[in-house]
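Letter by letter, the chains look like this.
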Amino acid sequence: MNATSRIPVSVEFFPPKTPEGVEKLRVVRQRLYTLKPEFCSVTFGAGGSTQEGTFKAVSEILAEGVSAASHFSCIGATRETVRVQLATLKSMGVKRLVALRGDMPSGYGAGGEFHYASDLVAFIRQETGNDFHIEVAAYPEVHPQAKSPDSDLQAFAAKVKAGANSAITQYFYNPDAYFRFVDDVAALGVHVPVVPGIMPITSSTQLMRFSDASGAEIPRWIRLRLQSFGDDTASIKAFGLDVVTSLCEQLRAGGAPALHFYTMNQSVATVALCERLGF
């Protein structure tokens, strides 16, 4: 594979909360469509709280002629609510789902009929056969709530055995963590494409906040460089572009099957990264 060979890309959005946000996302999507993404995914709020907005955004993307994947979380869900949602998505023409356990809304007990993402994947397969391509989450740096690295790998294997077609990772900045994860799951006999999730660096405070919440590690050298720039956003963005381009190049050279960009409903950083990569 030559260094500039094109690999598929996909992009992720969250459902906007305001009419202005909806309008802005339409403009952002058009810019990102120039990258010819394989699909665009739309996230789900804690406990499925943004379901209506998620489905609305998915419906618009499909109407724009692009493949759309809906996130689908099972916290607090029942078999009946999931059945209804699957029928809705199918009637909309959705062919791809990102099946997750999902986040607990605050102050919420562990309700619902599904305890793990693997339960949800198994149920979707049982109800809909092969109507959907099912993506699941992967954690190269170990899920923050996992009991141990090994139990996290077993949980991933269970999702694949339940019927997942491929996986998208939590973002990371240490490519070794990704390659190690791929080797570890292969050793368990799990062979599905594991697509690296890529988080462009555009703001250090936002990145630190997300990473503290999600368990993604910011390597010390990156953290210190970002802190040294203070409020100099131009330097933060230029440094971020260099760091993340290098990460993507290493992943591509190492055989990553595709790249999935967490856009945060912005287009500039993702487009700049893809231009640097020669896409």
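Okay, so let's go over this structure. (Residues numbered from 1 in each chain as written. Predicted model: local features only at pLDDT ≥ 70, side-chain atom pairs only at ≥ 80, totals over all residues. Heavy atoms only, no water.)

1. What to know about the pattern of salt bridges
Pairs can form between side chains of opposite charge once their charged atoms are near each other.
For step 1, the next point in the chain: Scanning all chains against the criterion turns up 13 salt bridges.
For step 2, the next point in the chain: Salt-bridge contacts for arginine 96 lead to glutamate 38; the nearest nitrogen and oxygen are separated by 4.0 Å. Remark: glutamate 38 occurs in the loop between α1 (19–33) and β2 (40–42) and arginine 96 occurs in strand β4 (residues 96–100); sequence separation between them is 58 residues.
For step 3, the next point in the chain: Residue classification places arginine 96 among the buried residues on the basis of a relative accessible area of 13%. (Salt bridge = Lys/Arg side-chain N within 4 Å of Asp/Glu carboxyl O. Helix = DSSP H or I, 4+ residues; strand = E, 2+ residues; numbered from the N terminus. Buried < 20%, exposed > 50% of the residue type's maximum accessible area, 1.4 Å probe, protein only.)

2. Focus on the nonpolar core
Nonpolar side chains in soluble globular proteins tend to end up buried together.
For step 1, the next point in the chain: Of all hydrophobic cores here, the largest spans 85 residues; its most connected members are Phe156, Tyr173, Ile201, Leu259 and Phe261.
For step 2, the next point in the chain: Leave out the neighbours within four places in its chain, and phenylalanine 156 touches Val136, Ala137, Ala138, Ala167, Phe181, Val185, Val190, Val192 and Val194. (Core = buried A, V, L, I, M, F, W, Y, C linked by side-chain atoms within 4.5 Å. Contact = heavy atoms within 4.5 Å.)

3. Quick notes on the pairing of strand β6 (residues 166–169)
For a regular strand, side-chain orientation follows a simple rule: the groups alternate between the two sheet faces.
For step 1, the next point in the chain: On β6, burial covers both faces: Ser166 and Ile168 on one face and Ala167 and Thr169 on the other are all buried.
For step 2, the next point in the chain: Of the pairings in the sheet, the one linking strand β5 (residues 133–138) to β6 comprises four bridges and is parallel in character. From the neighbouring strand, alanine 137 faces β6, where its bridge partner is isoleucine 168.
For step 3, the next point in the chain: The β-α-β motif built from β5, the intervening helix α5 (residues 149–161) and the parallel element β6 has right-handed crossover chirality.
For step 4, the next point in the chain: Handedness of the β-α-β unit built from β6, helix α6 (residues 175–187) and strand β7 (residues 194–195) comes out right-handed. (Pairing = 2+ DSSP bridges. Right-handed = clockwise from strand over helix to strand, strands pointing away.)

4. Describing the sheet that holds strand β1 (residues 9–13)
For step 1, the next point in the chain: Judged by pairing direction, the sheet is parallel, and its nine strands sit side by side in the order β7-β6-β5-β4-β3-β2-β1-β9-β8 without closing on themselves. Edge positions in the sheet fall to β7 and β8 (197–198), since each has one partner strand and no second.
For step 2, the next point in the chain: One ladder, built from two bridges, connects β6 with β7; its direction is parallel. For alanine 167, the partnering residue across the bridge sits in β7 and is valine 194.
For step 3, the next point in the chain: Along the sheet, helix α4 (residues 117–128) contacts β3 (68–73), β4 and β5; its crossing angle with β4, the most-contacted strand, is approximately 145 degrees. (Axes fitted to C-alpha atoms, helices over the stretch in contact; angles between N-to-C directions.)

5. Regarding empty space enclosed by the protein
Empty space among the atoms becomes apparent when a probe as large as a water molecule is rolled across them.
For step 1, the next point in the chain: On inspection of all chains with the given rule, the structure shows one cavity of 30 Å³ or more.
For step 2, the next point in the chain: Approximately 40 Å³ is the volume attributed to the largest cavity.
For step 3, the next point in the chain: Surrounding the largest cavity, Tyr139, Pro140, Glu141, Val142, Gln170, Tyr171, Ser214, Gly215 and Ala216 form its lining.
For step 4, the next point in the chain: Taken together, the residues of the lining of the largest cavity sort by class into five nonpolar, three polar and one charged. (1 Å grid on protein atoms, 1.4 Å probe; cavity = no way out; pocket = protein on both sides within 12 Å on 5 of 7 lines; lining within 4 Å. Points joined across faces, edges and corners; volume = space filled by probe spheres on them. Nonpolar A, V, L, I, M, F, W, Y, C, P; charged D, E, K, R; others polar.)

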